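Remarks on the overall topology
Chain by chain, the residues run as shown.
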Amino acid sequence: SESRILIQQGPKENRVNLTILGDGYTLSEKEKFFADADRAVQGLFAESTFKSYLPLFNVYAVFVASRQSGIG
């Protein structure tokens, strides 16, 4: 597995820690997963509902390769 920090606003002990886990991404699709995760996070915090809360969040993405591409 591999994890990446997508957004880091402060210490884990003092933030809401959101972790995105992928399913259906093969090893060769790892970079696609991280790009999709980043796009989802950008979309989430672009809307007024969560935009003002962004300073309270840390966001991580964790990739674990699936045997098959897509949702089963």
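Our subject is the structure that appears above.
As a starting point, this report considers the structure included with it. Small disclaimer: the values here were computed from a predicted structure and weren't measured. (Residues numbered from 1 in each chain as written. Predicted model: local features only at pLDDT ≥ 70, side-chain atom pairs only at ≥ 80, totals over all residues. Heavy atoms only, no water.)

Attention now goes to the overall build of the protein chain. For the protein chain, the helix and strand inventory stands at two helices and three strands. The order of α-helices and β-strands along the protein chain, N terminus first, is β-β-α-α-β. The principal-axis extent of the C-alpha atoms belonging to the protein chain is close to 35 × 25 × 20 Å. The contacts of the protein chain with a sequence gap of at least 6 include a subset with a gap of at least 24, amounting to 84%. Here the protein chain has roughly 5,100 Å² of accessible surface; of this, 53% comes from carbon and sulfur atoms. One finds the centroid of the 8 positive side-chain charges in the protein chain at a distance of 2 Å from the centroid of its 8 negative side-chain charges. (Helix = DSSP H or I, 4+ residues; strand = E, 2+ residues; numbered from the N terminus. Contact = heavy atoms within 4.5 Å. Areas by Shrake-Rupley, 256 points an atom, 1.4 Å probe, with all protein chains shown as cover. Lys, Arg positive; Asp, Glu negative; His and termini not counted. Charge placed at Lys NZ, Arg CZ, Asp CG, Glu CD.)

With six of its seven residues buried, strand β3 (residues 57-63) lies for the most part within the structure. Both strand β2 (residues 16-21) and β3 contribute to a ladder of six bridges, which runs parallel. Each bridged residue has a counterpart across the sheet, and for isoleucine 20 the counterpart in β3 is alanine 61. (Buried < 20%, exposed > 50% of the residue type's maximum accessible area, 1.4 Å probe, protein only. Pairing = 2+ DSSP bridges.)

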